[in-house]
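Remarks on the overall topology
Below, each chain spelled out in residue letters.
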Amino acid sequence: MQLTSPIREPLVGRQIHDENRPTTYHDITNDICRQVEAPPNMRWMAAMAISLIVLAWGSYTLYRTWFFGIGEWGLNKTVGWAWDITNFVWWVGIGHAGTLISAILLLFRQKWRTSINRAAEAMTIFAVLCAGSFILMHMGRPWLAYWALPLPNTYGSLWVNFNSPLVWDVFAISTYLTVSLVFWYIGLIPDLATIRERAKNPIARFIYGLLSFGWDGSAKTWARYEMVALVLAGLSTPLVLSVHTIVSFDFATSIIPGWHTTIFPPYFVAGAIFSGFAMVLTLMLITRYVFKLEPYITVGHVESMNKIILLTGSIVGVAYLTEFFMAWYSGVQYERYAFVNRAFGPYWWAYWTMMTCNVISPQFFWFKAMRRNLYVTFALSIVVNIGMWFERFVIIVTSLHRDYLPSSWVMFYPTYVDVGDYLFSFGFFFTLFFLFAKFLPVINMAEVKAVLKSSNPDSANSYSEEVEAVVESDTSVKKEIE
Amino acid sequence: MANTEKNKYLVGIFDDEDVLIPAVKKIRARGVNIYEVYTPYPVHDLDVYLGYKRSRLSKAAFLFGITGTFLAILMQTYMLGFAWPMIIGGKDYVTYPNFVPVTFELTVLLAALGMVATFLISNNLGPGKQAVMFDPRSTDDKFVMAIDLSANSKFSQEEIEKILTEYGVSEKPKEKEL
């Protein structure tokens, strides 16, 4: 008996909207540039309008937060950190997928990343901005945010405390944002040049000309570009792992039972990749449908992402169980109580929502039919992100709400301002994402063109007989020269 | 461009990278000097066939990174150890293990920004720069080879045109002055 491995699926599908013929380089340019060049359609306008309404409502609650202080939130003496930091960690986690796709998958030579990396990186940048907005919100006096930076000041030379994980966070998140932004923009330059050369409207040509930095696509520039992409990927790989590690230090370096755990860094990183991929899937499935990108975001891409969701979801599941084991094994009564309370206390529903969404739901992806079903994938991608929000809520609130003194045991109830601030981040995120999807190419055209031929044996840009003759004459020409 | 003198170029258009690469090899082997090749995507090893040296950008990145490492260590040591020494958590003033995260982040930040700045400057890229395009389709689906006639005095224009046609250009080579 013999097992034959299946032939790898092509990374670029056929032109299903146009006679189902093979995709050519020119099709890639046309299909991706289409939505940039066409006037915005009704679906886009409606989506944008909804985002702006949510953003407007969120801006009102943000105004309440900043002008009346964080007393507007449901915080109390016992629970001093709740929705704000939950949202912060959740958004930072979502912001991990983009750089993971563009950096780690580049180092592992996973060519399927080429058609999703652009949108995933954009999503990363917007998610990190949303996360940053919660840092500003929970400061109470956001106009003094620069105090977190080591700047010379009027109090003699009193500097920030470099022993504090909160200061590490400032450096980690701002570095991550900057490097992701640079990585994303460098990748955009060749595609912006393509749009510039196609633009008919002089204003568009001027703007895209300005943005494309005078890119000409010469072999020398490309060689250097590839070197930059490789080194940036090498730099971003430890960076992306460091960011959520440092975020987890915010909790792990404290002595609160339930937070004081050495497993936090890997556990948070796995959770971040898990939720990030889920968000990428949610957004890409919508984008694929709205912009008719089926040839580029194929079912094979979705399946690959679902495999990563299955892997990281299972790592997160193991981490949940390990936490329980360690709480029991430590023999510390406070630690044990924190975990019993987490699963069976007043927040049991949050805990079991988390367990169901994060540990049980991804197990469906063991089945190939589920991994390749777009409806199941879309539903589960949303379920996973609900679960990951609850994970952060469970870690933060259940560890705080019952401390060492039973007389100060309380529950946390969010106010409408808490909810509104969360909605603000959604409005902000989707507004930025829709603007990106309209005005910039959502798929990296140059990189997809680069994998078109090697991954698609039936591509339209294949050998003709004349070309084969030229290639065959290679040796004879060499002899001639000699 | 800095020089105002115009050069005459012969522009050959190729449809496929598998025609382009053998053509580049053979045209160079014939002794024709290729000015530059413009492609819509990074063609694997094209720079090698054109005889370009490996980019030194990775070395630049390393130097920027190491600068970041030292600056970060110096900054933290100075601020916590000398400018305003303060006991935090009963620990020493200068606690190097606690400086690791910020040192790492600044290393990555300086390496990335420094390398990207070097990349932009060395390729003369930046906002407001004008691209020299021999054919606008080189950002879409064509591979464009430019041959500077003044750098190939050994050959007549007709000879170069003939060579280009022989190695599979998809259209008649055209002249362009820049």
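The shown structure was predicted, so the numbers you read here are calculated from the model rather than taken from an experiment.

1. With respect to the overall build of chain A
Counting secondary structure elements, chain A contains 18 helices and zero strands. Against the compact-globule benchmark of 23 Å for 482 residues, chain A has a radius of gyration of 25 Å, which places it among compact chains. Residues classed as buried in chain A amount to 50% of the 482 residues present. In chain A, the proportion of contacts linking residues at least 24 apart, taken out of those at least 6 apart, comes to 81%.

2. Quick word on the domain arrangement of chain B
According to the domain assignment, chain B contains domain 1 (8–54 + 133–177) and domain 2 (57–122). The C-alpha-based centres of domain 1 of chain B and domain 2 of chain B are spaced at 46 Å.

3. Description of helix α2 (residues 42–68) of chain A
Residues and elements named next belong to chain A. For α2, with 27 residues, the first-to-last C-alpha span of 39 Å sits near the 39 Å given by 1.5 Å per residue. Within α2 the residues assigned to the buried category are Ala47, Ser51, Val54, Leu55, Gly58, Thr61, Leu62 and Thr65. Trailing α2 by a residue or two, Gly69 shows a phi angle of about 90°, which is positive.

4. Considering the packing of helix α3 (residues 83–94) of chain A against helix α14 (residues 374–400) of chain A
All names here are of chain A. Their axes nearest at 9 Å, the elements α3 and α14 cross at an angle of 140°. As far as their axial angle goes, α14 and α3 are oblique. The hand of the α3/α14 crossing is right-handed. Seen from α3, the contacting residues are Ile85, Thr86, Val89, Trp90 and Gly93; seen from α14, they are Met388, Trp389, Arg392, Phe393 and Ile396. Of the residues contributing to the contact of α3 with α14, the split by class is seven nonpolar, two polar and one charged.

5. Notes on the interface of chain A and chain B
Contacts between chain A and chain B engage 59 residues on the former and 66 residues on the latter. Elements represented by at least two residues in the side of chain A that touches chain B include exactly α1 (25–37), α6 (165–198), α8 (219–252), α16 (445–455), α17 (465–472) and α18 (474–481) of chain A. In terms of residue class, the side of chain A that touches chain B is built from 34 nonpolar, 16 polar and nine charged.

6. Remarks on the sheet that holds strand β2 (residues 36–38) of chain B
Residues and elements named next belong to chain B. Read across the open sheet, the four strands follow the order β2-β3-β1-β4; overall the sheet is antiparallel. Each edge of the sheet is formed by a strand with only one pairing partner; in this case those strands are β2 and β4 (174–177). With direction set aside, neighbouring strand axes in the sheet form an average angle of 30°.

7. Here's the deal with the confidence of the model for chain B
When the pLDDT values of chain B are averaged, the result is 85; 97% of them are 70 or greater. In the predicted assembly, ipTM is 0.90 and pTM is 0.89.

8. Observations concerning the confidence of the model for chain A
For chain A, the average pLDDT comes to 86, and 93% of its residues sit at 70 or higher. Throughout residues 463–468 of chain A the model reports pLDDT below 50, and contacts reaching past four residues in sequence, or to other chains, amount to six contacts.

9. Side note on the environment of Glu175 of chain B
Residue and element names in this part refer to chain B. By secondary structure assignment, the location of Glu175 is in strand β4. Sequence separation between Glu175 and Thr118 is 57 residues, and the spatial gap between their C-alpha atoms is 33 Å. In contact with Glu175, other than residues within four places in its own chain, are Lys8 and Leu10.

10. So, the pairing of strand β3 (residues 143–148) of chain B
Residue and element names in this part refer to chain B. Within β3, five of the six residues are buried, which leaves it mostly tucked inside the rest of the structure. Here strand β1 (residues 8–14) pairs with β3 via six bridges, running antiparallel. The residue of β3 that forms the bridge with Leu10 is Ile147. The pairing of β2 with β3 spans three bridges and is antiparallel. Looking at β3, one finds that Glu36 is bridged to Ala146.

11. Side note on the environment of Gly300 of chain A
Residue and element names in this part refer to chain A. Take Gly300: it is sitting in helix α10 (residues 299–330). Along the backbone, Gly300 and Arg371 are 71 residues apart, and their C-alpha atoms lie at a distance of 9.2 Å. Here Gly300 is in contact with Glu9 and Trp112, once residues within four sequence places are set aside.

12. Some remarks on the nonpolar core
Grouped together as the largest cluster of nonpolar side chains are 188 residues, with contacts concentrated most on Met123, Val228, Phe277 and Val280 of chain A together with Met115 of chain B. Here this core takes 18 residues from α8 of chain A, the largest share from any one element. Both domains that furnish three or more residues to this core are identified here as domain 1 (8–54 + 133–177) and domain 2 (57–122) of chain B. Once residues within four sequence positions are removed from consideration, Met123 of chain A is found in contact with Gly98, Met279, Val280, Leu283 and Phe433 of chain A.

Definitions and cut-offs
- Residues numbered from 1 in each chain as written.
- Chains lettered and ligands numbered in written order.
- Predicted model: local features only at pLDDT ≥ 70, side-chain atom pairs only at ≥ 80, totals over all residues.
- Helix = DSSP H or I, 4+ residues; strand = E, 2+ residues; numbered from the N terminus.
- Rg over C-alpha atoms; globule rule 2.2 N^0.38 Å.
- Buried ≥ 20, exposed ≤ 12 C-beta atoms within 10 Å, placed from the backbone.
- Contact = placed C-beta atoms within 7 Å.
- Domains from an automatic or database assignment.
- Expected span 1.5 Å × (residues − 1).
- Axes fitted to C-alpha atoms, helices over the stretch in contact; angles between N-to-C directions.
- Parallel < 35°, antiparallel > 145°, perpendicular 65-115°, else oblique.
- Left-handed = near helix turned anticlockwise from the far one by under 90°.
- Nonpolar A, V, L, I, M, F, W, Y, C, P; charged D, E, K, R; others polar.
- Pairing = 2+ DSSP bridges.
- pLDDT = per-residue confidence, 0-100.
- Core = buried A, V, L, I, M, F, W, Y, C linked by C-beta atoms within 7 Å.

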